[in-house]
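Here is how the chains run, residue by residue.
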Amino acid sequence: TFIYTPTITYTHTITSTATPDTRPLPRNWSSWPVIPTVSARAVEIYRQGQQIGVTPNTYSVVGDCQSVPAVFMGIYGTDSNPIGEDHPELPETIALFYDSFNHDSVAVRNGLSAPSALDPFWADPARCNATESPLACELRLYKPMVVFINLGTNWRADASADAYVAYLRQIVDQIIASGAVPILTNKADNVEGDHSINLVTAQVAYDYDIPLMNF
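Residues numbered from 1 in each chain as written. Predicted model: local features only at pLDDT ≥ 70, side-chain atom pairs only at ≥ 80, totals over all residues. Heavy atoms only, no water.

**Here we look at the overall build of the protein chain**
In terms of helices and strands, the protein chain carries 6 helices and 4 strands. Radius of gyration (C-alpha) of the protein chain: 22 Å, far over the 17 Å computed for a compact globule of 215 residues. Across its three principal axes, the protein chain shows a C-alpha extent of roughly 100 × 45 × 40 Å. Per-residue burial over the protein chain gives 40% buried out of 215 residues. Contacts in the protein chain between residues at least 24 apart in sequence constitute 73% of all its contacts with a sequence separation of at least 6. As displayed, the protein chain offers around 12,600 Å² of accessible surface, 56% of which is attributable to carbon and sulfur atoms. If you average the places of the 11 positive and of the 22 negative side-chain charges in the protein chain, the two averages end up 7 Å apart. (Helix = DSSP H or I, 4+ residues; strand = E, 2+ residues; numbered from the N terminus. Rg over C-alpha atoms; globule rule 2.2 N^0.38 Å. Buried < 20%, exposed > 50% of the residue type's maximum accessible area, 1.4 Å probe, protein only. Contact = heavy atoms within 4.5 Å. Areas by Shrake-Rupley, 256 points an atom, 1.4 Å probe, with all protein chains shown as cover. Lys, Arg positive; Asp, Glu negative; His and termini not counted. Charge placed at Lys NZ, Arg CZ, Asp CG, Glu CD.)

Here you go:
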């Protein structure tokens, strides 16, 4: 007599709970802190940069005339450094980055916009290769550890924020690929009338999980 015995397969189901994302949403960018918290992703980019040879204790800037040293933090590289005893945590950082405060970035020019930063036409022909954009040239010459992205004011008020953010993402991608940590900054003006540039800048910071200085 043949007796059929069925084969029984047991399947173990493993359940897990995803770590909740508690970061503030881009639509609430105006309530984000002025000084960002450094994310795990920013630390990861920093470590990758150390492995591929960025210049330690350096920062650079991509931006318009408001990003020249005389306007953007250059004072910390002079004898007029305004940091006093009320900020005892900052002198060490200032000393570490001292040489960068008056660095003349080739990615800073009067009228520079997000697409201009990617356009070889805007590069300094005396310091950059013929096919290099201002951004690519600066990343090659200086190999910074950190790059501040100060853009948006020179975007046409009637132009699409969707087009702007596409350029901004290209800039962030190139900076990360170079090993530098991108730090985005929101602008203090609202020439577009609806703060759409600040909103999409916050969206990029959120998507890449990188710091945003919220002006």
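**Concerning the sheet that holds strand β1 (residues 59-63)**
One open sheet holds the 4 strands; their spatial order is β1-β2-β3-β4, and the pairing between them is parallel. Only two strands of the sheet have a single neighbouring strand rather than two, namely β1 and β4 (212-213). Judged from the 2 bridges that link them, strand β3 (residues 181-185) and β4 form a sheet pairing that is parallel. The partner of Thr185 across the bridge, within β4, is Met213. (Pairing = 2+ DSSP bridges.)

**Points about the side chain of Ser133**
Relative to the helices and strands, Ser133 is located in the loop between α3 (114-117) and α4 (134-142). Separated by 3.0 Å, the side chain of Ser133 and the backbone nitrogen of Ala136 make a polar contact. (Polar contact = N/O pair within 3.5 Å; in protein donor to acceptor, adjacent residues only side chain to side chain.)

**Let's talk about the state of the cysteines**
Scanning all chains against the criterion turns up 1 disulfide. Through a disulfide, Cys128 is tied to Cys137; the S-S separation comes to 2.1 Å. Residues Cys128 and Cys137 share a disulfide whose torsion about the S-S bond is about -90°; that sign makes it left-handed. Take Cys128 and Cys137: they sit in the same class, and that class is buried. The thiol of Cys65 is unpaired, and the distance to the nearest cysteine sulfur, on Cys128, comes to 19 Å. (Disulfide = S-S within 2.5 Å.)

**Quick look at the pairing of strand β2 (residues 146-150)**
Among the 5 residues of β2, 5 are classified as buried, and the element is accordingly described as predominantly covered. Pairing geometry for β1 and β2, over 5 bridges, is parallel. Looking at β2, one finds that Gly63 is bridged to Asn150. The pairing of β2 with β3 spans 4 bridges and is classified as parallel. By the bridge assignment for β3, Ile149 is matched with Leu184.

Function-wise, these values are silent; they only describe arrangement.
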